[in-house]
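Listed here are the chains, written in short residue letters.
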Amino acid sequence: MHRLAESKLLAGFIYGDPHMQEYIYLPASELDAASPMLVYETGKGRHDVDMQEALSLIEKRSLRPCSHPVFGKNTMG
C-alpha cells in the first residue's frame, strides 16, 4: 500500500476524505525536491509533512484518492 500511495502522491494525486475535509497532497513546487514536503490540510489549516508522515496519516485515517475542492483530483494538472 505504501509504495502505491507514495507513487500516486509523487504523481500529484490527492488523498483525502472530503466529508471530514482532510487532504494530503504534493504541491507542484515540490515535484523535483530531494526530500519533498507534502501538505496535510484539515478544516483547521495546513501543515507541512514529510513523505513518511503523509503515508502514516493516509493509513491511520483511511484516506483515499479523492477530489480536492480547489485542485480537483491532481495538483499537477
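Refer to the structure presented above.
Residues numbered from 1 in each chain as written. Predicted model: local features only at pLDDT ≥ 70, side-chain atom pairs only at ≥ 80, totals over all residues. Heavy atoms only, no water.

With respect to the sheet that holds strand S3 (residues 38–42)
Next, step 1: A sheet is described by the order of its strands in space; here 5 strands give the open sequence S4-S3-S2-S1-S5, paired in antiparallel fashion. A single partner strand is all that each edge strand has here, and the edge strands are strand S4 (45–49) and strand S5 (64–65).
Next, step 2: As paired elements, strand S1 (residues 15–17) and strand S2 (residues 22–25) share 3 bridges and run antiparallel to each other. Of the residues in S2, the one forming a bridge with Asp 17 is Glu 22. (Pairing = 2+ DSSP bridges. Helix = DSSP H or I, 4+ residues; strand = E, 2+ residues; numbered from the N terminus.)

Some details on the pairing of S3
Residues in a regular strand project their side chains so that they alternate between the two faces of the sheet.
Next, step 1: With 4 of its 5 residues buried, S3 lies for the most part within the structure.
Next, step 2: Strand direction decides the pairing type here: S2 and S3, joined by 3 bridges, are antiparallel. Within S3, the residue paired with Tyr 23 across the bridge is Glu 41.
Next, step 3: If you look at the hairpin formed by S3 and S4, you'll find 2 residues sitting between the two strands. (Buried < 20%, exposed > 50% of the residue type's maximum accessible area, 1.4 Å probe, protein only.)

So far we have only geometry, and geometry alone does not tell us how the molecule works.
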